[in-house]
Structure formats: structure tokens, C-alpha cells
Amino acid sequence: QVQLVDSGGGSVQAGGSLRLSCAVSGYGYRNACLGWFRQAPGKEREGVAFMPPGSSTTDYFDYFNSVRGRFTISRDRAKSTMYLQMNSLKPEDTAIYYCAAGHSCRPADFGYWGQGTQVTVSS
């Protein structure tokens, strides 16, 4: 069982930056795929960025096209924490962001979720 606690959301102006954190614990979490999802009001949940099991900061990371080049996912294994650095934020980035873990990096296979943290970007 994997447990996740996400935090770091807040309100920022367009063009600003924010860093989300996710504390990961529980049996098997080291072998899980970790990722970030977001869901805006009235919209479908979408994947933002993913880290395959055993990945490092030098590995390939998959990003949602609209955030590519602006967001960066990373992981500190010693601290059991995953991060999402968000730069050049846009109003359309406003959403509840969730960290998640799954048996694979296929979006449908994510079965463990954080409680969500609100990100609001004003124009």
C-alpha cells in the first residue's frame, strides 16, 4: 500500500512560479510509477507529468504538452518526496493538482492518490 500527501498549492499571478511537494510512503512505493495529475472545474482529469519506476532526474519524463518546458517533475529518494516545479504559470493551469502512484505509468493504472492541492493562477 502506497500513501501520498501532497502540498504546496496556492494562488499566484500569471507568469509566476510554484512548487508542489508529495511525501510518499508505504510498502512498495519505491517500485511505483509516480506522477502528477490535475483537474480543473468542469474538465476531465489530465496527466501532467510522470516518472517511471527507478527513474532519476536524468531519465526521460513524460509531460502533458501544454506544460512541457514550463513544468519539471523530480524526485528525492532519500527524502521520499516528489516535486512538481511549475514556472511561467498561466490562468489555464488553475486546477486541483494530485500526486499519484501506480503499478505502471499508464494513467488508468494509478491507484493511489494524494488528497489534492489547489493551484489558482490569476491573469
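Shown above is the structure to which this text applies.
These numbers were taken from a predicted model, which means no experiment stands behind them.

What about the overall build of the chain?
Secondary structure summary: the chain contains 0 helices and 11 strands in total. In the chain, the succession of α and β elements from N to C terminus is β-β-β-β-β-β-β-β-β-β-β. On C-alpha atoms alone, the chain measures out to a radius of gyration of 13 Å, which is about the 14 Å that the 2.2 N^0.38 rule sets for 123 residues. If one aligns the C-alpha atoms of the chain with their principal axes, the spans along those axes are about 40 × 30 × 25 Å. Looking at the chain as a whole, 42% of its 123 residues are labelled buried. In the chain, once contacts between residues fewer than 6 apart in sequence are set aside, the share between residues at least 24 apart is 56%. For the chain, the exposed area adds up to about 6300 Å²; of that, 49% sits on carbon and sulfur atoms. Of the charged side chains in the chain, 12 are positive and 9 negative; the average position of the first set lies 4 Å away from that of the second.

A short note on the packing of aromatic side chains
Scanning all chains against the criterion turns up 5 aromatic pairs. Between the aromatic rings of Phe37 and Phe50, the centroid separation amounts to 5.3 Å while the plane-to-plane angle is 80°, which identifies the pairing as edge-to-face. Of this pair, Phe37 sits in strand β4 (residues 33–39) while Phe50 sits in strand β5 (residues 46–51), and the two are 13 residues apart along the sequence. The exposure class assigned to Phe50 is buried, which follows from its relative accessible area of 7%. Judged by centre distance (6.4 Å) and plane angle (85°), the ring pair of Tyr98 and Trp113 falls under edge-to-face. Taken together, the residues span a long stretch of sequence, with Tyr98 in strand β9 (residues 95–102) and Trp113 in strand β10 (residues 110–113) at a distance of 15 residues. According to the relative accessible area criterion, Tyr98 is buried, its value standing at 17%. Overall, the relative accessible area of 27% leaves Trp113 in the partly exposed class. Joined through ring pairs, the aromatic side chains of Phe37, Phe50, Tyr98, Phe110 and Trp113 make up one cluster. Seen from the ring of Tyr98, Arg45 lies directly overhead, with NZ or CZ sitting 5.9 Å from the centre.

Observations regarding the nonpolar core
If you look at the biggest cluster of nonpolar residues, it comprises 28 residues, and the most contacted ones within it are Trp36, Leu84, Met86 and Tyr97. Looking at this core, the elements with two or more residues in it are β3 (18–25), β4, β5, β7 (71–76), β8 (81–86), β9 and β11 (117–122). With residues near it in sequence (within four places) discarded, Tyr97 still touches Asp6, Leu20, Phe37, Arg38, Val48, Phe71, Leu84, Met86, Gly116, Thr117 and Val119. By size, the runner-up hydrophobic cluster in this structure holds 5 residues, among which are Cys33, Phe50, Ala100 and Phe110.

Notes on the environment of Leu34
Here Leu34 lies in strand β4. Along the primary structure Leu34 and Cys22 are separated by 12 residues, whereas in three dimensions their C-alpha atoms are 9.8 Å apart. Apart from the residues within four sequence positions on either side, Leu34 is in contact with Val24, Ala49, Phe50, Met51, Ile73, Arg75, Met82, Ala100, Ala101 and Phe110.

So, unusual backbone geometry
Positive phi is not limited to glycine here, since Ser80 has a value of about 50°. Looking at the element boundaries, Ser80 is found in the loop between β7 and β8. Taking relative accessible area as the criterion, Ser80 reaches 19% and is therefore assigned buried.

What counts as what
- Residues numbered from 1 in each chain as written.
- Predicted model: local features only at pLDDT ≥ 70, side-chain atom pairs only at ≥ 80, totals over all residues.
- Heavy atoms only, no water.
- Helix = DSSP H or I, 4+ residues; strand = E, 2+ residues; numbered from the N terminus.
- Rg over C-alpha atoms; globule rule 2.2 N^0.38 Å.
- Buried < 20%, exposed > 50% of the residue type's maximum accessible area, 1.4 Å probe, protein only.
- Contact = heavy atoms within 4.5 Å.
- Areas by Shrake-Rupley, 256 points an atom, 1.4 Å probe, with all protein chains shown as cover.
- Lys, Arg positive; Asp, Glu negative; His and termini not counted.
- Charge placed at Lys NZ, Arg CZ, Asp CG, Glu CD.
- Phe/Tyr/Trp six-rings, centres within 6.5 Å; stacked < 30°, edge-to-face > 60°.
- Lys NZ or Arg CZ within 6 Å of the ring centre and 35° of its normal.
- Core = buried A, V, L, I, M, F, W, Y, C linked by side-chain atoms within 4.5 Å.

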